[in-house]
Amino acid sequence: MASFSAAVAHFSRVSPTHTSLHSHHKLFQSQCRPLFLSRHSHSLRKGLTLPQGREAPSTTIRASFTADVSPNLSLEEKQLPKGETWSVHKFGGTCVGTSQRIKNVVDIILKDDSERKLVVVSAMSKVTDMMYDLIHKAQSRDEAYISSLDAVLEKHSATAHDILDGDNLASFLSKLHHDISNLKAMLRAIYIAGHATESFTDFVVGHGELWSAQMLSLVIRKNGTDCKWMDTRDVLIVNPTSSNQVDPDYLESERRLEKWYSLNPCKVIIATGFIASTPQNIPTTLKRDGSDFSAAIMGALFRARQVTIWTDVDGVYSADPRKVSEAVILKTLSYQEAWEMSYFGANVLHPRTIIPVMRYGIPIMIRNIFNLSAPGTKICHPSVNDHEDSQNLQNYVKGFATIDNLALVNVEGTGMAGVPGTASAIFGVVKDVGANVIMISQASSEHSVCFAVPEKEVKAVAEALQSRFRQALENGRLSQVAVIPNCSILAAVGQKMASTPGVSASLFNALAKANINVRAIAQGCSEYNITVVVKREDCIKALRAVHSRFYLSRTTIAMGIIGPGLIGSTLLDQLRDQASTLKEEFNIDLRVMGILGSKSMLLSDVGIDLARWRELREERGEAADLKKFVQHVHGNHFIPNTALVDCTADSVIAGYYYDWLRKGIHVVTPNKKANSGPLDQYLRLRALQRQSYTHYFYEATVGAGLPIVSTLRGLLETGDRILQIEGIFSGTLSYIFNNFKDGRAFSEVVSEAKEAGYTEPDPRDDLSGTDVARKVIILARESGLKLELSNIPVESLVPEPLRACASAQEFMQELPKFDQEFAKKQEDAENAGEVLRYVGVVDVTNKKGVVELRRYKKDHPFAQLSGSDNIIAFTTRRYKNQPLIVRGPGAGAQVTAGGIFSDILRLASYLGAPS
């Protein structure tokens, strides 16, 4: 292996004639900071660590940042003007990633009409990573660092050729090649040593900022603007801390800034981001997100009017748009709100970026350099935006953020209560392990302490606690140290929201309605956030649920439609026609994620295009699989609410309702089988509905689109007592008996109803009275009667001899033989001044029900019907002398689908949509 001493000796022989630029490159004489290698330096004395057994050479390495002041510069010092005349801009690596983007940055700077401007720039996109990679390869003794360094040179050289020319280009390239030569020697020394300390690493990676600042300043100067570039290592002084962070020394930095400006007075300063120096003049960095921090510190030092952070997003979102597609850009945030959202993982700013500007009340603007029309987000004192909007509940909550991959540690036991120092001992152990505590929650009983740590650290924390409290655990003073893995934190952030009545209730109500279990809660007295811990797999679903509840996104429901027959297809068409209106006017987003038929199904991850659902089902349909269908519709965690709409009359499908409701799936249906089936199953279903936040709506089971069930519930909930419910519940039989008059044959009217589509394919299904009996049993049970379907006497209108007919066609052919029998009943009624009506009756007083053909006087409301209308009369304690009557169309695909649609909207209202 080559001698380390020889490598350092080579490093120290860099020609002194290159430590400052040649006289014909005067452009950089007052600003360039060349690298000096001297035997008398102390700055980077500990920069290299030798392989074991090697002796340290007498040569030491130094980076000098002493200003090379031009002899032509006036010795008269210029005092630094501070205050509103300065505006600060920060451009990240993406903003200066290409030559064209650098030109765009120049346009923005020149169009800013501020009297004075300070611009903080990062290294070009990916360059910082490339520089870290150089260090990694060199200390790994991978000679590929040489070709990687050439790639860095080529990237900057090519950019310079695109944006510079003449002397400007020559000057920059000379400096660039000189820096690359020095870096190559330094990396060679690191290669030999096999290690680089933090100081050396910081010095190497900081070159990206130096080069981008120099190029940008030259382009601005070419436009005739008074501009200088600043190596912030000459100005910004920071003290490293034990937590891999740095604390700015504002007094020393301010003193150095005033000195720098006295020698370099100008209207525009292009300053390097990310890099700084220690009080000993050792180069360092502000760590990741350091350029934002640089801009904030500079804003504070200049007492600037505003700091604008240019990035590639339109501003601060109310939630992560990758998780909540409907997240919105926030117009304003307070410093504290931005701080809280940053802490909890929101892509805003690093919390420390806010500290310098908050002291002087300097606003921060977050703007998108790729979308200048977007106004961005303003971070400022809350007084600026206290009354921006009307004080609605949602305005107190600005946004939501999440942290994943956490675990909860729960230390509990009766021996903890009232014992001073227990919490101190617990967190002392956690500190010794070096784990980061994200959240703490403790009950006032002091029986337990619960806290969240990163999942990768929880094993060490748990083992340390078990060891520290082994005696307490053995003696029973502590009952357990439990670990709950796979957790996520959800934080709601907003100014004074904790002291606003209703905010916490709305948050937890939204989580409950989305069937999310909360494992731990923390809420500080600062009033800026409420934090909950949930299962990791529930995190996105919980985020969508609370975001939707506070109107920051539409109330979104993932729906699965089962049974795209006549009623189901009509519902889909109604959903299609109303979708845009619901979104725009009512903040409701109904997304059909699947359509299931008896043989095939259509699934979508984002929502089916309802304008083309029929052809899509033909093109992309797959074999029907109910289990897969339900898993698909419910498994989309990007949508907090799931509803299955059963448009069939299938008792097998109805048998799944209980399991679906238990899983948090809402059910909407016109299917009567569940509510009119076995009584024990019905009672079990209703008990589950009452105990959970999952909803089960079935208005269309009785009156299609008529509000029969809701009217009955309204009466009962307001304390009325039902005496009797009597009604014509079948639109088909209503049509038949409304038209069975004037000598017409019964079979003729039935045939006419069949041809008009009022009957089932087999009219016996209507004439048997079973469908009416199911509606009667549903209303009887809603009224509190515990009846089985078999308890309801039903008068069938199907003649006994025809009940065994093999087909509907045979039945229709044989029906005329019984016309005389029906004519006799009609004639007797007519002679008595009455009409025939097929009715269902719930006699609540006597706890029974019946379905039969009855006669009514011609002035009775039931005799006034026409067409296929239904009519239901509620006789109650309040409506005893004059029954409450509900009348209207009770059959047909349009009104039935409309009834289902109404239930879906009622569900959306329950889930948080505006009423």
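The rules behind the values
Residues numbered from 1 in each chain as written. Predicted model: local features only at pLDDT ≥ 70, side-chain atom pairs only at ≥ 80, totals over all residues. Heavy atoms only, no water. Helix = DSSP H or I, 4+ residues; strand = E, 2+ residues; numbered from the N terminus. Buried < 20%, exposed > 50% of the residue type's maximum accessible area, 1.4 Å probe, protein only. Contact = heavy atoms within 4.5 Å. Areas by Shrake-Rupley, 256 points an atom, 1.4 Å probe, with all protein chains shown as cover. Salt bridge = Lys/Arg side-chain N within 4 Å of Asp/Glu carboxyl O. Pairing = 2+ DSSP bridges. Axes fitted to C-alpha atoms, helices over the stretch in contact; angles between N-to-C directions. Expected span 1.5 Å × (residues − 1). Arc of directions from axis to C-beta. 1 Å grid on protein atoms, 1.4 Å probe; cavity = no way out; pocket = protein on both sides within 12 Å on 5 of 7 lines; lining within 4 Å. Points joined across faces, edges and corners; volume = space filled by probe spheres on them. Nonpolar A, V, L, I, M, F, W, Y, C, P; charged D, E, K, R; others polar. Patch = residues over 30% accessible without salt bridge, like charges linked within 9 Å, V, L, I, M, F, W, Y side chains within 5 Å. Lys, Arg positive; Asp, Glu negative; His and termini not counted. Charge placed at Lys NZ, Arg CZ, Asp CG, Glu CD. Phe/Tyr/Trp six-rings, centres within 6.5 Å; stacked < 30°, edge-to-face > 60°. Lys NZ or Arg CZ within 6 Å of the ring centre and 35° of its normal. Right-handed = clockwise from strand over helix to strand, strands pointing away. pLDDT = per-residue confidence, 0-100.

1. Some words on the overall build of the protein
Moving on, step 1. The secondary structure content of the protein amounts to 32 helices and 30 strands.
Moving on, step 2. By residue count, 56% of the 915 residues in the protein fall in the buried class.
Moving on, step 3. A separation of at least 24 residues holds for 73% of the contacts in the protein among residues at least 6 apart in sequence.
Moving on, step 4. Just so you have it, the protein exposes about 39100 Å², and 48% of that area is on carbon and sulfur atoms.

2. Examining the pattern of salt bridges
Moving on, step 1. Scanning all chains against the criterion turns up 44 salt bridges.
Moving on, step 2. Here D320 ties to R322 by a salt bridge, and the two come within 2.9 Å at their closest N and O atoms.
Moving on, step 3. In this structure, D903 engages R906 in a salt bridge whose closest nitrogen and oxygen atoms are separated by 2.3 Å. Residue D903 and its partner R906 are located together in helix α32 (residues 893–910), separated by 3 residues, close to a single helical turn.
Moving on, step 4. By relative accessible area, which is 1% here, D903 ends up buried.
Moving on, step 5. Among the charged side chains, a network of salt bridges with common partners joins K82, E254, E258 and R303.

3. Digging into the sheet that holds strand β22 (residues 622–623)
Moving on, step 1. Reading across from one edge, β22-β21-β20-β19-β23-β24-β25 is the order of the 7 strands in this open sheet, with mixed pairing throughout. Here the strands that pair on one side only, and so sit at the sheet edges, are β22 and β25 (696–697).
Moving on, step 2. α32 contacts β19 (555–562), β20 (588–596), β23 (641–646), β24 (666–668) and β25 of the sheet and is inclined by roughly 125° relative to β20.

4. Some words on helix α31 (residues 819–831)
Moving on, step 1. For α31, built from 13 residues, the straight-helix expectation of 18 Å at 1.5 Å per residue is met to within 8% by its first-to-last C-alpha distance of 18 Å.
Moving on, step 2. For α31, the complete set of buried residues consists of D819, F822, Q826 and A829. Considered in projection along α31, the buried side chains sweep an arc of 95° and stay on one side of the axis. Of the exposed residues in α31, those oriented more than 90 degrees away from the buried face are Q820 and N831.
Moving on, step 3. Those residues of α31 that are buried are in contact with α27 (746–755), β27 (834–843) and β28 (848–857).
Moving on, step 4. After α31 finishes, the residue G833 shows a positive phi value of roughly 70°.

5. Regarding the layout of surface pockets
Moving on, step 1. Looking at the largest pocket, its volume works out to about 1100 Å³.
Moving on, step 2. What lines the largest pocket is a set of 37 residues, among which I567, K672, E760, D766 and D771 lie closest to the centre.
Moving on, step 3. Elements supplying a minimum of two residues to the lining of the largest pocket: α17 (566–586), α24 (700–703), α26 (731–739), α28 (764–767), α29 (770–782) and α32.
Moving on, step 4. Tallying contributions element by element places α29 first for the lining of the largest pocket, with 5 residues.
Moving on, step 5. Its residues placed into classes, the lining of the largest pocket shows 13 nonpolar, 16 polar and 8 charged.
Moving on, step 6. In this model, the second largest pocket occupies a volume close to 830 Å³.
Moving on, step 7. Lining the second largest pocket are 34 residues, and of these K90, G92, G93, S122 and D289 lie nearest its centre.
Moving on, step 8. The set of elements that each furnish at least two residues to the lining of the second largest pocket consists of α3 (127–139), α9 (290–302) and β9 (306–311).

6. Looking at the sheet that holds strand β30 (residues 884–889)
Moving on, step 1. As summarised here, the arrangement of the 5 strands in space is β28-β27-β26-β29-β30, forming an open sheet in which the pairing is antiparallel. Of all the strands in the sheet, just β28 and β30 have a single pairing partner and so form its edges. Direction aside, neighbouring strands of the sheet carry axes that sit 20° apart on average.
Moving on, step 2. Inspection of the sheet shows strand β29 (residues 869–876) paired to β30 by 6 bridges, in the antiparallel sense. Counted as the bridge partner of I872 is V886 from β30.
Moving on, step 3. Strand contacts of helix α25 (residues 708–717): β26 (722–728), β29 and β30, with the helix running at about 10° to β29, the strand carrying the most contacts.

7. Concerning the environment of D843
Moving on, step 1. With respect to the helices and strands, D843 occurs in strand β27.
Moving on, step 2. Remark: the alpha-carbon pair of D843 and I725, spanning 118 residues in sequence, is separated by 6.7 Å.
Moving on, step 3. Excluding anything up to four places from it in sequence, D843 contacts L723, L785 and K848.

8. Topic: empty space enclosed by the protein
Moving on, step 1. Considering all chains together, one arrives at 3 cavities of 30 Å³ or more under this definition.
Moving on, step 2. Here the second largest cavity is characterised by a volume of approximately 50 Å³.
Moving on, step 3. Lining of the second largest cavity is provided by A510, K513, A514, A545, S548, R549, N641 and L911.
Moving on, step 4. For the lining of the second largest cavity, the secondary-structure elements that each account for two or more residues are α15 (503–513) and α16 (539–549).
Moving on, step 5. Of all the elements, α16 adds the most residues to the lining of the second largest cavity, at 3 residues.

9. Things to note about helix α7 (residues 207–222)
Moving on, step 1. End to end, α7 covers 23 Å across 16 residues, agreeing with the expected 22 Å (1.5 Å per residue, within 8%).
Moving on, step 2. The element α7 is extensively covered by neighbouring structure, given that 14 of its 16 residues are classed as buried.
Moving on, step 3. G224, located one to two residues past α7, shows a positive phi value of around 85°.

10. Considering a positive patch on the surface
Moving on, step 1. Together, R721, R877, R878 and K880 make up a positively charged patch on the protein surface.
Moving on, step 2. Looking at where R878 falls in the secondary structure, it is placed in the loop between β29 and β30.

11. Regarding the packing of aromatic side chains
Moving on, step 1. Applying the stated rule across the entire model yields 16 aromatic pairs.
Moving on, step 2. Measuring from ring centre to ring centre gives 6.3 Å for W86 and Y261, while their planes differ by 80°; the resulting arrangement is edge-to-face. Placement of W86 in strand β1 (residues 86–91) and of Y261 in helix α8 (residues 250–263) is noted, with a sequence separation of 175 residues between them.
Moving on, step 3. Note on W86: relative accessible area 0%, which makes it buried.
Moving on, step 4. Seen from their ring centres, Y856 and F862 are 5.1 Å apart, and the 55° between their planes marks the pair as tilted.
Moving on, step 5. Classification of F862 as buried rests on a relative accessible area of 1%.
Moving on, step 6. Among the aromatic side chains, those forming a connected cluster through ring pairs are Y656, Y657, W660, Y696 and Y698.
Moving on, step 7. Positioned over the ring face of Y658 is R684, at 3.6 Å from the centre of the ring.

12. A few points about the pairing of β19
Moving on, step 1. Across the 8 residues of β19, 8 count as buried, placing the element largely inside the fold.
Moving on, step 2. Alternating positions in β19 separate into two faces, T555, I557, M559 and I561 on one and T556, A558, G560 and I562 on the other, with burial throughout.
Moving on, step 3. Examined bridge by bridge, β19 and β20 share 8 bridges and lie parallel to one another. Of the residues in β20, the one forming a bridge with I562 is L596.
Moving on, step 4. Tracing the backbone out of β19, into α17 and back to the parallel element β20 gives a crossover that is right-handed.
Moving on, step 5. Pairing geometry for β19 and β23, over 6 bridges, is parallel. Bridge assignment links M559 to a residue of β23, and that residue is A643.

13. Things to note about the confidence of the model for the protein
Moving on, step 1. On average, residues of the protein score 86 in pLDDT, and 87% of them are at 70 or above.
Moving on, step 2. Contacts from residues 1–75, a stretch scored under 50 in pLDDT, to residues over four places away or in other chains number 140 contacts.
Moving on, step 3. Low pLDDT, under 50, characterises residues 387–391; the stretch is placed with 6 contacts to residues that sit more than four places away or in other chains.

14. Brief notes about unusual backbone geometry
Moving on, step 1. The phi dihedral of R141 falls on the positive side, at around 60°, and the residue is not glycine.
Moving on, step 2. Within the element layout of this structure, R141 appears in the loop between α3 and α4 (144–163).
Moving on, step 3. Here R141 falls in the partly exposed class, since its relative accessible area comes to 38%.
Moving on, step 4. Residues other than glycine seldom take positive phi values, yet R303 does so here, at roughly 55°.
Moving on, step 5. Along the chain, the position of R303 falls in the loop between α9 and β9.
Moving on, step 6. The class of R303 is partly exposed, set by a relative accessible area of 25%.

15. Side note on the pairing of β9
Moving on, step 1. Across the 6 residues of β9, 5 count as buried, placing the element largely inside the fold.
Moving on, step 2. Where β1 lies against β9, 5 bridges are found, and the strand directions are parallel. Paired with V88 across the two strands is V307, which belongs to β9.
Moving on, step 3. Judged from the 5 bridges that link them, β9 and strand β11 (residues 364–368) form a sheet pairing that is parallel. When the bridges of β11 are listed, W310 appears paired with R367.

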